[in-house]
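Now for the letters of each chain:
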Amino acid sequence: MKAYEEIIEFIAGGPSVRNVADFRASPKAKARVGFLIRKEKEKGLLPDEKAELDDCEALEHVMNLATARARQLLAHER
């Protein structure tokens, strides 16, 4: 499974605001992204690996925004 597929599955599952606020990538997904970043710096990536890393970075940005917004919504509920 590509690292970004974890986020796709999470979103497709219809998470609650609390689930979005608490979202953390799995250790396996973090390890995969770390591997891709190290490989990119050391010897370069194959085109499919570069696409995977680009997708991960884009989805990470979206999830960071969604997590921040979910935390705002939860703070206003109090």
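Residues numbered from 1 in each chain as written. Predicted model: local features only at pLDDT ≥ 70, side-chain atom pairs only at ≥ 80, totals over all residues. Heavy atoms only, no water.

Asker: What should I look at first to understand the pattern of salt bridges in this one?
Answerer: For side chains bearing opposite charge, pairing can occur when the charged atoms are close. This model, assessed by the stated rule, comprises five salt bridges. The partner of Arg 32 in a salt bridge is Glu 52, and the shortest N-O contact between them spans 2.8 Å. Remark: Glu 52 occurs in helix H4 (residues 47-77) and Arg 32 occurs in helix H3 (residues 27-42); sequence separation between them is 20 residues. The partly exposed category is assigned to Arg 32, whose relative accessible area is 28%. The class of Glu 52 is buried, set by a relative accessible area of 4%. One salt bridge in this structure joins Lys 39 and Glu 49, with 2.8 Å as the shortest N-O distance. Of this pair, Lys 39 sits in helix H3 while Glu 49 sits in helix H4, placing them ten residues apart in sequence. Residues Lys 39 and Glu 49 agree in their burial class; the two are buried. Salt bridges here are not isolated pairs; linked through shared partners, they connect Glu 40, Lys 50 and Asp 54. (Salt bridge = Lys/Arg side-chain N within 4 Å of Asp/Glu carboxyl O. Helix = DSSP H or I, 4+ residues; strand = E, 2+ residues; numbered from the N terminus. Buried < 20%, exposed > 50% of the residue type's maximum accessible area, 1.4 Å probe, protein only.)

Asker: Please explain the packing of aromatic side chains as it appears in this structure.
Answerer: Aromatic rings considered in pairs are described by the distance between their centres and by the relative angle of their planes. Scanning all chains against the criterion turns up one aromatic pair. A ring pair is formed by Phe 10 and Phe 23, whose centres lie 4.6 Å apart and whose planes are at 45 degrees; its orientation type is tilted. Here the residue Phe 10 occupies a position in helix H1 (residues 3-12), and Phe 23 occupies one in the loop between helix H2 (17-22) and H3, the gap between them amounting to 13 residues. An identical accessibility class is assigned to Phe 10 and Phe 23; each is buried. (Phe/Tyr/Trp six-rings, centres within 6.5 Å; stacked < 30°, edge-to-face > 60°.)

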